[in-house]
Structure formats: C-alpha cells, structure tokens
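# Summary of structural features
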Amino acid sequence: MKGILAGIKVVDFGRYVAGPYAATLLGYLGADVIRVERPGGGEDRFIAPVAPDGHGAVFFQTAGNKRSLTLNLRAPESRGIIDRLIEQADVLVANLPPAALEKLGLAADRVAGLNPRAILSTQTAFGSSGPWSERGGFDGVGQAMSGAAFMTGEPGAPAKAAAPYVDYSTAVLSAFGIVAALYERQRSGHGRHVEASLLGTALSVFGSHLVEEGVRGIGRVPTGNRVQTSGPSDVFRTRDGHVLMHVVGGGLFRRVAQLIGREEWIGDERFATDALRGDHRDELCTAVASWCLEQTTDGALESLATAGIPAGPVLDLAGALNHPQTAAVELFSAVAWPGVTAPVAVPGLPLAFDLPQPGLHQPPPAIGEHTDEILGELGFARGEVDAYRSRGVV
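Residues numbered from 1 in each chain as written. Predicted model: local features only at pLDDT ≥ 70, side-chain atom pairs only at ≥ 80, totals over all residues. Heavy atoms only, no water.

### Comments concerning the overall build of the protein chain
- Along the backbone of the protein chain there are 18 helices and 11 strands.
- When the backbone C-alpha atoms are referred to their principal axes, the protein chain occupies close to 85 × 50 × 40 Å.
- Burial statistics for the protein chain: of 394 residues in total, 44% are counted as buried.
- Long-range pairs, those at least 24 residues apart, make up 68% of the contacts in the protein chain between residues at least 6 apart in sequence.
- Roughly 19200 Å² of accessible area belongs to the protein chain as shown, and the carbon and sulfur atoms make up 57% of that amount.
- The positive charge centre, built from 33 side chains, and the negative charge centre, built from 42, are 5 Å apart in the protein chain. (Helix = DSSP H or I, 4+ residues; strand = E, 2+ residues; numbered from the N terminus. Buried < 20%, exposed > 50% of the residue type's maximum accessible area, 1.4 Å probe, protein only. Contact = heavy atoms within 4.5 Å. Areas by Shrake-Rupley, 256 points an atom, 1.4 Å probe, with all protein chains shown as cover. Lys, Arg positive; Asp, Glu negative; His and termini not counted. Charge placed at Lys NZ, Arg CZ, Asp CG, Glu CD.)

Below is the structure:
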C-alpha cells in the first residue's frame, strides 16, 4: 500500500537524531528517504551497539525505510552529486550549523536557486542567529539551558533526563513543519526553509515553568519527583517496587483522600486548590507514601485504577519491553539484521490512522547499499558512477 507521502523524495544529510528522525517519520508515512553518509558509514550508525558488526540502537530507530548513498563530502566532485540531489528533491534535511550548510552548498538561498520547490529543513543547537549560532550541541545541552535539568534534580544536584526528549521533540517538530510546508507548496508552488533548534524545543517543552517564572518570579527550587503545582503527585515506594501517581484537579484529589482514608482533607481550606495542594505537597505526599508502603505494586495500581486515579509502575527497561500494555499498543516492529539471532525490536510510528497503516516496513540500509541505484536515478551513467567510485567520491 502506498503511504500518505508516497511520491515525496527526501534527502537526509543529518546525523544522530534531530535531523535523521525527522526524515524517518516522513519515511514511515511513505516518503522515499535517501540517507547521505560518508564512505564507511556515519558515526551515528554505531551508537549503543546491538549487532556483531557494531550497528547500534540509535541507527535502528532513525534509519528504517531509508536508502543509503555514500558520498565523500570533502571531495570537490561531490558538489555535482549534491546539486543533482537538490534538483530532484522535495525535501532536504540537514541538522548542521549555518557555516556547514554554506560549505556543502545547502544554504537556503542556493537550494532555492537550484530548486524553487524544495523544502529545506534544518536543525541547529541554538538557532541560526545570535552569539551561539555556530556552536554545536546535543540533547542534554538543551535540557540544561532550559531550566529542566535544574528542576529535575535535587537542590545542588541537577539531573538530565535519560530520555533524549529534546532531540526527538525537535525531530517531531521538524517533521510537522515539513508537512506544513508541503501543504503550503500546493498553493504557492514554492518551497520554504523550516528551521528548528534544540534550545528552542527545550524552552518550548519547559515553557509553562518559564512562563510562571517570568510573570511571578517565584524562584522555584527542585524537589525531585515531587510535583510543586498540584498534589499529591510523586514516585512512591511500595512493598516490592515503586509507583508514580499524578493528581491534578479537585475531583482526583477527593478520590485520593477517600482511597487512603483521609476524608478530612476534602473540606480542609489548605487543600482547596491545586496551587494550595502543591504548596502543602509534603504533608499530602507523606500520607500517600505511608499508604503505598502497605501495598504491593500490583495491589496499589489496582486500587488506584478502581478509584480512577492515574498511576503507573516504575519499570526497568526489560519491564517496559515486556509489559502487556506495551504489546497491546503494537508499536514495535521486528527488524532482521545480519548476525543478530533474534529480530531487533524497533519502535515504529506511534500514530494510528484509519487507512492502510504506515510505519516501519524495511530495515535500515547497509552502508552504501543503494548508491548505484540512487545515482542511476539521478541520471549518472554507469561509467560516471564507476569513475566516482574509483576516485573515492562514493
């Protein structure tokens, strides 16, 4: 079945996550995605190895449904191939700073000159203007500079989230922007430059906290897992594990009070609003913690679910993979790879459509697996391809 974006050609010059995963999402929706990487393979192929040949977990998540073209970007002759890619592309993705884009011939004005219909999607660490525009960065830098790492930890001990949410959110926002630009192109006939940055994403995701600080200047300090704007919300120890419970609104608060036998809380003016419950979080959470310590994890979750209170178990990685609800959402696809005995379980597209289901349908490409095929589609003759290969261009 053809995907929603069938017929759209995407050229992915990205590395790691913010650019490549944006292109991956487009590929999950049916676009033809060409991954351009250096001969020998990009360094992002080999992060968190899971295969005997060194291929890693990040690559499996960010390169499915793609074709691989190897290209020595330092070779002067590579410019002719890049230009041909630009001329035939609908979308170009490059998570590179402005100077690197210029050097590769991927600056927005040059792309528009070669192909006015092409959409250029770029991702940088700090944006394309300002004193830090040429600096590089990774997910954790965005977490640190948005206030999130400060608030996630304990006083004097900031903590970065293990989940690289800044990288992946930047990729999702980029894909969103690309789809919007494709829609706009139907009306105008012109491509656009869609820019995203790790810092911009991080500030947006942590925006409500920053808005509050900007208006009220509260100067909040971190409290670990304990939520400060409502309550009782925290990670609570049980007899055999931990559960996370989040309570917002008077209705949920009343249910908690009734569940743990603290009905006197319901009429207490100290707990009349979310803000007040947040202010008195320590008293509320201490009482809930005592109740949880008397329960098993499964027992606590069953009681909370019966009462209609949102909660979940704190699972380790194996527990997350093996939880029955994980299987029920049917997110993971089995990907075969040479040397790996069992198929690699890779998260696909976390969306469902009421049409033929898009998602992960082919494994990540071997290094340069489609180089000849792609160059042939670009119009290069067999002899030209052989000559490029002999000179180390591809």
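### Some thoughts on the sheet that holds strand β9 (residues 311-313)
- Across the sheet, which stays open at both edges, the three strands sit in the order β7-β8-β9 with antiparallel pairing between neighbours. Here the strands that pair on one side only, and so sit at the sheet edges, are β7 (234-237) and β9. Taken pair by pair, the neighbouring strands of this sheet meet at an average axis angle of 25°, ignoring direction.
- Pairing of β7 with strand β8 (residues 242-245) involves four bridges; the strand directions are antiparallel. Looking at β8, one finds that Asp-234 is bridged to Met-245.
- Where helix α14 (residues 297-307) meets the sheet, it contacts β8 and β9, and its direction lies at approximately 160° from that of β9. (Pairing = 2+ DSSP bridges. Axes fitted to C-alpha atoms, helices over the stretch in contact; angles between N-to-C directions.)

### Some points on the pairing of β8
- Residues Val-243 and Met-245 of β8 are buried on one face, while the alternating residues His-242 and Leu-244, pointing to the opposite face, are not.
- If you look at the hairpin formed by β7 and β8, you'll find four residues sitting between the two strands.
- Pairing analysis gives three bridges linking β8 to β9, with the strands arranged antiparallel. When the bridges of β9 are listed, Leu-244 appears paired with Gly-312.

### Thoughts on the packing of aromatic side chains
- Evaluation of the coordinates by the stated rule reveals 10 aromatic pairs.
- Relative to Trp-337, the ring of Phe-60 has its centre 5.3 Å away and its plane inclined at 75°; by these criteria the two rings are edge-to-face. One end of the pair, Phe-60, is in helix α2 (residues 57-62); the other, Trp-337, is in the loop between β10 (332-335) and β11 (344-347), with 277 residues separating them in the sequence.
- You can call Trp-337 buried: its relative accessible area is 10%.
- For the pair Phe-253 and Trp-265, a centre-to-centre distance of 5.9 Å together with 10° between the ring planes defines the contact as stacked. Of the two residues, Phe-253 is situated in helix α11 (residues 250-259) and Trp-265 in the loop between α11 and α12 (274-279); the sequence distance between them amounts to 12 residues.
- Judged by relative accessible area, which is 3%, Phe-253 ranks as buried.
- The structure contains a cluster of three or more aromatic residues connected by ring pairs, namely Phe-59, Phe-60 and Trp-337.
- Cation over ring: Arg-135 sits above Trp-132, and NZ or CZ is 4.0 Å from the ring centre. (Phe/Tyr/Trp six-rings, centres within 6.5 Å; stacked < 30°, edge-to-face > 60°. Lys NZ or Arg CZ within 6 Å of the ring centre and 35° of its normal.)

### Considering the sheet that holds strand β6 (residues 193-197)
- The strand order across the open sheet formed by six strands is β3-β2-β1-β4-β5-β6, and the pairing between neighbours is parallel. Both outer strands of the open sheet, β3 (66-70) and β6, are each paired with one neighbouring strand and no more. This sheet shows a mean twist of 20° between the axes of neighbouring strands, independent of strand direction.
- Alignment of strand β2 (residues 32-37) against β3, held across five bridges, turns out to be parallel. When the bridges of β3 are listed, Arg-35 appears paired with Ser-68.
- Against the sheet, helix α1 (residues 20-28) contacts β1 (9-12), β2, β3 and β4 (91-94), and its axis sits at roughly 160° relative to β1.
- Most of the contacts of helix α8 (residues 165-188) go to strand β5 (residues 119-124), to which it runs at about 160°, and overall it touches β4, β5 and β6.

### Some remarks on the pattern of salt bridges
- Applying the stated rule across the entire model yields 22 salt bridges.
- Between Arg-67 and Asp-32 there is a salt bridge, with its nearest N and O atoms 2.9 Å apart. Separated by 35 residues along the polypeptide, Arg-67 in strand β3 and Asp-32 in strand β2 bring together distant segments of the chain.
- Classification of Arg-67 by relative accessible area gives buried; the value is 9%. (Salt bridge = Lys/Arg side-chain N within 4 Å of Asp/Glu carboxyl O.)

### Observations concerning the packing of α8 against helix α9 (residues 198-205)
- At a minimum axis distance of 9 Å, the contact between α8 and α9 shows a crossing angle of 100°. When the axes of α8 and α9 are compared, the pair comes out roughly perpendicular. Residue-level contacts link Tyr-165, Val-166, Asp-167, Ser-169, Thr-170 and Leu-173 of α8 to Leu-198, Thr-201, Ala-202 and Val-205 of α9.
- Taken together, the residues that form the contact of α8 with α9 break down as six nonpolar, three polar and one charged. (Parallel < 35°, antiparallel > 145°, perpendicular 65-115°, else oblique. Nonpolar A, V, L, I, M, F, W, Y, C, P; charged D, E, K, R; others polar.)

### Some remarks on the pairing of β2
- Most of β2 is tucked away: five of the six residues are buried.
- Relative to β2, β1 runs parallel, the two being bridged by four bridges. Counterpart to Val-10 in the pairing with β2 is Val-33.
- Regarding the hand of the β-α-β motif, the stretch spanning β1, α1 and β2 is right-handed.
- The handedness of the β2 to β3 crossover, carried by α2, is right-handed. (Right-handed = clockwise from strand over helix to strand, strands pointing away.)

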